[in-house]
Amino acid sequence: PALPIDYANPNTLPRRSPVGMWIFIGVGLALLVLFLALIVPVSSGPSRTAANRIRSASNLRQIGQAILLYTNDFHGQYPNTFGDLLINEDITAPVFIDPFSNDSPATGATTQAIAANLATAGHCSYIFLGKGLTARTVQPDMVIAYTRPGINSGSNVLFGDGHVEFVQ
């Protein structure tokens, strides 16, 4: 039933039962918890695997773009190592880490020290096959870099035309 209005005191609101307020808050919280349980994905399983595979492919695309910039700066010549990319282009050590690996980004006081550490075990998850290549000798279907074997059930592969594919 509706609460009576006090016409003598129009600025006074009628008092409602606090029980109704607590029921309203409880139902709201229950709906919020249910919504979050349905929306927030579990941080493991297939969705996590797919996300890591995409991050790995993104890393290789960034490496491919840095190689392209390097060839523009060095008259078509490919770098000899990933360290050459790190020293000469705008790329950072974490890009050389596959999210499926237990590797950690190379560190050092200078860019040259970081590049030297990149060549040591545990600081690079990708294999580079571009040493000695030039922009003229690279074919679109040539493998330029790929995920180190044993990290995942397959490998992300960077091809000469810059595209990345996951290969079983």
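That block above? That's the structure.
Q: Quick one: what's the story with the overall build of the protein chain, residue by residue and with numbers?
A: Of the regular secondary structure elements, the protein chain holds four helices and four strands. N-terminal to C-terminal, the α/β element order of the protein chain is α-α-α-α-β-β-β-β. Per-residue burial over the protein chain gives 30% buried out of 168 residues. Relative to all contacts within the protein chain whose residues are 6 or more apart in sequence, the contacts with residues 24 or more apart total 46%. Accessible surface computed for the protein chain: about 11,100 Å², of which carbon and sulfur atoms make up 62%.

Q: Can you tell me about the nonpolar core, naming the residues and giving the values?
A: One recurring pattern in soluble globular proteins: nonpolar side chains tend to sit buried together. Counting 26 residues, the largest nonpolar core has I63 and F82 as the members making the most contacts within it. Of all the secondary-structure elements, those providing two or more residues to this core are α2 (46-73), α3 (82-88), α4 (111-118), β1 (126-128) and β2 (143-147). Leave out the neighbours within four places in its chain, and F82 touches I63, F96, L118, C124, Y126, I127, F128 and A145.

Q: Outline unusual backbone geometry, supporting the account with residue identities and numerical values.
A: Although it is not a glycine, H75 sits at a positive phi angle of roughly 55 degrees. Examined against the element boundaries, H75 turns out to sit in the loop between α2 and α3. Relative accessible area serves as the criterion here: at 81%, H75 is assigned to the exposed category.

Q: Lay out the sheet that holds strand β4 (residues 164-167) in plain terms, naming residues and giving numbers.
A: Within the open sheet, the four strands sit side by side as β1-β2-β3-β4. Their pairing is antiparallel. With one partner strand each, in any of the chains shown, β1 and β4 form the two edges of the open sheet. Direction aside, neighbouring strands of the sheet carry axes that sit 25 degrees apart on average. Pairing of strand β3 (residues 155-159) with β4 involves four bridges; the strand directions are antiparallel. By the bridge assignment for β4, V157 is matched with E165.

Q: I'd like a description of the pattern of salt bridges, backed by residues and values.
A: For the coordinates displayed, the defined rule picks out one salt bridge. Residues D103 and R148 are paired through a salt bridge, measuring 2.9 Å at the closest nitrogen-oxygen approach. Taken together, the residues span a long stretch of sequence, with D103 in the loop between α3 and α4 and R148 in the loop between β2 and β3 at a distance of 45 residues. Taking relative accessible area as the criterion, D103 reaches 14% and is therefore assigned buried.

Q: Before we move on, could you go through the side chain of S125 and cite the residues and values that matter?
A: Within the element layout of this structure, S125 appears in the loop between α4 and β1. According to the relative accessible area criterion, S125 is buried, its value standing at 0%. Every residue in contact with S125, bar those within four places of it in the chain, is listed here: F96, I97, D98, S101, D103, Y146, T147, R148 and I151.

Q: Could you give me a rundown of the packing of aromatic side chains, with the residues and numbers involved?
A: Scanning the entire structure with this criterion turns up three aromatic pairs. Here the aromatic rings of Y70 and F74 are separated by 4.2 Å at their centres, their planes lie at 20 degrees, and the arrangement is stacked. Y70 sits in the buried class, given a relative accessible area of 8%. Their ring planes at 45 degrees and their centres at 5.0 Å tell us that F82 and F128 sit as a pair that is tilted. Of the two residues, F82 sits in helix α3 while F128 sits in strand β1, which places them 46 residues apart along the sequence. Like F82, the residue F128 is buried in the burial classification.

Thresholds applied
Residues numbered from 1 in each chain as written. Predicted model: local features only at pLDDT ≥ 70, side-chain atom pairs only at ≥ 80, totals over all residues. Heavy atoms only, no water. Helix = DSSP H or I, 4+ residues; strand = E, 2+ residues; numbered from the N terminus. Buried < 20%, exposed > 50% of the residue type's maximum accessible area, 1.4 Å probe, protein only. Contact = heavy atoms within 4.5 Å. Areas by Shrake-Rupley, 256 points an atom, 1.4 Å probe, with all protein chains shown as cover. Core = buried A, V, L, I, M, F, W, Y, C linked by side-chain atoms within 4.5 Å. Pairing = 2+ DSSP bridges. Axes fitted to C-alpha atoms, helices over the stretch in contact; angles between N-to-C directions. Salt bridge = Lys/Arg side-chain N within 4 Å of Asp/Glu carboxyl O. Phe/Tyr/Trp six-rings, centres within 6.5 Å; stacked < 30°, edge-to-face > 60°.

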